[in-house]
Amino acid sequence: MASLIILALYAIILLMYIITSFFVVYHMVKYSIASEVKTVMLIFFIVISAGLLLSNIVLFFSIDWNGLFLKIIG
């Protein structure tokens, strides 16, 4: 039960991260001055953001949430 709550909260945080990333990409595309710089910035931002997101997901699921809650409660 507790791990389900943690998973739901984590899903909300991931959704907020993805939405924020879309806002950043939109503003980079819409308001950048030079198209050469825009392309490099977009590639750099998307690659770094995706890498951070994937590493965060891997690290989150590597935690034994049930064991952690058993240590806290008991």
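Residues numbered from 1 in each chain as written. Predicted model: local features only at pLDDT ≥ 70, side-chain atom pairs only at ≥ 80, totals over all residues. Heavy atoms only, no water.

Let us look at the packing of aromatic side chains. Applying the stated criterion to the full structure yields three aromatic pairs. Measuring from ring centre to ring centre gives 5.2 Å for Phe60 and Phe61, while their planes differ by 85°; the resulting arrangement is edge-to-face. A residue is classified by how much of its surface remains accessible, and Phe60, at 9% relative accessible area, is buried. Exposure remark for Phe61: the relative accessible area of 56% places this residue in the exposed category. Ring geometry for Phe60 against Trp65: centres 5.2 Å apart, planes inclined by 45°, an arrangement best described as tilted. Aromatic ring contacts, followed pair by pair, group Tyr10, Phe60, Phe61 and Trp65 into a single cluster. (Phe/Tyr/Trp six-rings, centres within 6.5 Å; stacked < 30°, edge-to-face > 60°. Buried < 20%, exposed > 50% of the residue type's maximum accessible area, 1.4 Å probe, protein only.)

We now examine the packing of helix H1 (residues 2-31) against helix H3 (residues 65-73). Where H1 meets H3, the closest approach of the two axes is 9 Å, and the angle between their N-to-C directions is 120°. Relative to H3, the element H1 is oriented oblique. Between H1 and H3 lies a crossing whose hand is right-handed. Here H1 contributes Ala2, Ser3 and Ile6 to the contact with H3, which in turn contributes Trp65, Asn66 and Phe69. In terms of residue class, the contact of H1 with H3 is built from four nonpolar, two polar and no charged. (Axes fitted to C-alpha atoms, helices over the stretch in contact; angles between N-to-C directions. Helix = DSSP H or I, 4+ residues; strand = E, 2+ residues; numbered from the N terminus. Parallel < 35°, antiparallel > 145°, perpendicular 65-115°, else oblique. Left-handed = near helix turned anticlockwise from the far one by under 90°. Contact = heavy atoms within 4.5 Å. Nonpolar A, V, L, I, M, F, W, Y, C, P; charged D, E, K, R; others polar.)

Judged by nonpolar contacts, Ile6, Tyr10, Leu14, Leu53 and Phe60 together constitute the single largest core of five residues. Contributing elements (two or more residues each) for this core: H1 and helix H2 (35-61). Per-element accounting of this core gives the leading share, three residues, to H1. (Core = buried A, V, L, I, M, F, W, Y, C linked by side-chain atoms within 4.5 Å.)

Here the focus is the layout of surface pockets. When its volume is computed, the largest pocket comes out at roughly 160 Å³. What lines the largest pocket is Tyr17, Ile18, Ser21, Phe22, Val25, Phe45, Ile46, Ser49, Ala50 and Leu53. Of all the elements in the fold, those that place two or more residues in the lining of the largest pocket are H1 and H2. By residue class, the composition of the lining of the largest pocket is eight nonpolar, two polar and no charged. (1 Å grid on protein atoms, 1.4 Å probe; cavity = no way out; pocket = protein on both sides within 12 Å on 5 of 7 lines; lining within 4 Å. Points joined across faces, edges and corners; volume = space filled by probe spheres on them.)

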